[in-house]
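Listed below, chain by chain, are the residues.
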Amino acid sequence: MTDITVFSGHAHREFAEEMCDILGVELSATRLSRFSNDCLQVQLRANCRQRDVYIVQPLVPPTQENLMELLMMVDAARGASAASVTVVMPHYAYARSDKKDAPRISIGGRLVADLIATSGANRVLTMALHAQQVHGFFSMPVDHLTALPVLARHFRSRDLRNTVVVSPDFGNAKEANQFARMLGVGMAAGSKRRQADDKVVIDAIVGKVGGKDVIILDDEIATAGSVVELIETVRRYHVNSISVATTHGLFSGKAVERLNAVPDIVEIVSTNTVPGPQGLERLTTVSVAPLFAEAVRRINCGESVSGLFSDEDTYGE
């Protein structure tokens, strides 16, 4: 791994440092400054010429500022004659903007993918895109990782004989079914109608949850509106216990307050694709940095990244 150079933006430097420690490489320095007119300026403080450059930056709040920093870092690496530039983006926030569901709106997921390509990136390494079609928005190779094996490894330490995995909606049912198979348990899903960005209605559960230990699985928790509504619904079925698992624990808006106010959550499990929240009770964070580090090693060595999914239990121990 001596022929790569890794930089990090300011969105989640701790993740980049953990990944570099696993790879045995130094995290190279950057400088971010701001002009008097509020424009950003980025400088990469290490040699990039004819090197494979990896830039680590999830898109988290302040999302637009972190996106602009990422684009400028990619452009700087390309201008410094990097052999290749790979964007390591644990969380792609614009994946939620994946369809034209109202008149005269932008499909932001595709637009931002085009911006990343225009800035000079050759490849993207990301995790748990909100919708499968977002993968096709990129005009470059995309290595799309999943955190489900890491989350499953955490729950396998429990007695799962009376457990069921519950998806908040049918859109996430495929991932929930995959997660349930990893744990060797059943699956159910909520019948959800979204009324606003932070307002949903879940009026029924499809599947058997009565008397069960429930693990609610969602790819992303932002305001926690869907999760709290789902908890209210499964309570009516007299479940035994409730746990929550997610890949991207954003916990934005009133999420922390909402979740702390729910007394019967046993545990909330999230990965570290984004910086952790302040004040969230019963939170357990599991790291996916080993998975990203192994993916970077395989990309650098010309090995199969999809092979990670066949020997996935080797990583993150």
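Rules used throughout
Residues numbered from 1 in each chain as written. Predicted model: local features only at pLDDT ≥ 70, side-chain atom pairs only at ≥ 80, totals over all residues. Heavy atoms only, no water. Helix = DSSP H or I, 4+ residues; strand = E, 2+ residues; numbered from the N terminus. Rg over C-alpha atoms; globule rule 2.2 N^0.38 Å. Buried < 20%, exposed > 50% of the residue type's maximum accessible area, 1.4 Å probe, protein only. Contact = heavy atoms within 4.5 Å. Lys, Arg positive; Asp, Glu negative; His and termini not counted. Charge placed at Lys NZ, Arg CZ, Asp CG, Glu CD. Salt bridge = Lys/Arg side-chain N within 4 Å of Asp/Glu carboxyl O. Polar contact = N/O pair within 3.5 Å; in protein donor to acceptor, adjacent residues only side chain to side chain. Phe/Tyr/Trp six-rings, centres within 6.5 Å; stacked < 30°, edge-to-face > 60°. Axes fitted to C-alpha atoms, helices over the stretch in contact; angles between N-to-C directions. Parallel < 35°, antiparallel > 145°, perpendicular 65-115°, else oblique. Nonpolar A, V, L, I, M, F, W, Y, C, P; charged D, E, K, R; others polar. Disulfide = S-S within 2.5 Å. Left-handed = near helix turned anticlockwise from the far one by under 90°. Pairing = 2+ DSSP bridges.

Colleague: How would you summarise the overall build of the chain if you had to cite specific residues and measurements?
Modeller: In terms of regular secondary structure, the chain is built from 8 helices and 14 strands. Rg of the C-alpha trace for the chain: 20 Å, near the compact-globule value of 20 Å for 317 residues, within the 12% margin. C-alpha atoms of the chain, sized along the principal axes, occupy 60 × 45 × 35 Å. A burial count over the chain gives 53% of its 317 residues as buried. Expressed as a percentage of contacts within the chain between residues at least 6 apart in sequence, the contacts between residues at least 24 apart total 64%. Counting 32 positive and 37 negative side-chain charges, the chain places the centres of these two groups 4 Å from one another.

Colleague: Summarise the pattern of salt bridges; cite the residues concerned and give the values.
Modeller: Per the stated rule, a full pass over the model turns up 14 salt bridges. Arginine 34 is the salt-bridge partner of glutamate 65, the closest N and O atoms lying 2.5 Å from each other. Here glutamate 65, found in helix 2 (residues 63-79), pairs with arginine 34, found in strand 2 (residues 30-34); they are 31 residues apart in sequence, far enough to count as distant. The class for glutamate 65 is partly exposed, based on a relative accessible area of 32%. Between lysine 99 and aspartate 98 there is a salt bridge, with its nearest N and O atoms 3.2 Å apart. Classification of aspartate 98 as buried rests on a relative accessible area of 9%. Three or more residues are tied together by salt bridges with common partners; here these are Glu294, Arg297, Arg298 and Glu303.

Colleague: Break down the side chain of arginine 298 for me, with residues and values.
Modeller: Within the secondary structure, arginine 298 is located in helix 8 (residues 289-301). Engagement of the side chain of arginine 298 in a polar contact is seen with the side chain of glutamate 294, the distance being 2.8 Å. Here the side chain of arginine 298 touches serine 304 through a polar contact of 3.0 Å, landing on its backbone oxygen.

Colleague: Give me the lowdown on the packing of aromatic side chains, citing residues and values where you can.
Modeller: Tallied over the entire structure, the rule returns 3 aromatic pairs. Their ring planes at 85 degrees and their centres at 5.4 Å tell us that phenylalanine 15 and phenylalanine 292 sit as a pair that is edge-to-face. You can see phenylalanine 15 sitting in helix 1 (residues 13-23) and its partner phenylalanine 292 sitting in helix 8, a full 277 residues away along the chain. For the pair formed by phenylalanine 15 and phenylalanine 292, the shared burial category is buried.

Colleague: Which residues make up the packing of helix 2 against helix 3 (residues 108-119), and what values go with them?
Modeller: Between helix 2 and helix 3, whose axes approach to 8 Å, the crossing angle comes to 25 degrees. The angle between helix 2 and helix 3 falls in the class roughly parallel. In this structure, helix 2 uses Leu67, Leu71, Val74, Asp75 and Arg78 to contact helix 3, whose residues at the interface are Val112, Leu115, Ile116, Thr118 and Ser119. Here the residues of the contact of helix 2 with helix 3 are counted per class, giving 6 nonpolar, 2 polar and 2 charged.

Colleague: Describe the environment of glycine 9, listing the residues and the values that go with them.
Modeller: In this structure, glycine 9 sits in the loop between strand 1 (4-8) and helix 1. We classify glycine 9 as buried; its relative accessible area is 2%. Excluding residues within four positions of it along the chain, glycine 9 makes contact with Val56, Gln57, Glu69 and Met73.

Colleague: Summarise the environment of aspartate 38; cite the residues concerned and give the values.
Modeller: Within the fold, aspartate 38 resides in the loop between strand 2 and strand 3 (40-44). Counting along the chain gives 187 residues from aspartate 38 to glycine 225, while the straight-line C-alpha distance between them is 34 Å. At a separation of 3.0 Å, a polar atom in the side chain of aspartate 38 contacts the side chain of arginine 34.

Colleague: Residues and numbers for the state of the cysteines, please.
Modeller: Tallied over the full model, the rule gives 0 disulfides. Free of any disulfide, cysteine 48 has its nearest cysteine sulfur in cysteine 20, 14 Å distant. With a relative accessible area of 2%, cysteine 48 lands in the buried category.

Colleague: Describe helix 5 (residues 173-183), with residues and values.
Modeller: One full turn of an α-helix is made of 3.6 residues, so residues set three or four places apart face in the same direction. Residues Ala173, Ala176, Phe179, Ala180, Met182 and Leu183 constitute the buried set of helix 5. A positive phi of about 70 degrees marks glycine 184, the residue just after helix 5.

Colleague: Give me the packing of helix 4 (residues 148-155) against helix 5: which residues, what numbers.
Modeller: Running from N to C, helix 4 and helix 5 cross one another at 45 degrees; their axes reach a closest spacing of 10 Å. Here helix 5 runs oblique to helix 4, going by the angle between their axes. Considering only the axes of helix 4 and helix 5, their crossing is right-handed. Touching Leu148, Pro149, Leu151, Ala152 and Phe155 of helix 4 are Glu175, Gln178, Phe179, Met182 and Leu183, all from helix 5. Among the residues forming the contact of helix 4 with helix 5, the class breakdown is 8 nonpolar, 1 polar and 1 charged.

Colleague: Give me the lowdown on the sheet that holds strand 7 (residues 142-145), citing residues and values where you can.
Modeller: The strand order across the open sheet formed by 5 strands is 1-4-5-6-7, and the pairing between neighbours is parallel. With one partner strand each, in any of the chains shown, strand 1 and strand 7 form the two edges of the open sheet. Along the sheet, successive strands turn relative to each other by an average axial angle of 15 degrees, direction set aside. Two elements, strand 1 and strand 4 (residues 52-56), share 5 bridges in a ladder whose sense is parallel. Along strand 4, the bridge assignment pairs isoleucine 4 with aspartate 52. Across the sheet, helix 2 lies against strand 1, strand 4 and strand 5 (84-89), angled at about 160 degrees from strand 5, the strand it touches most.

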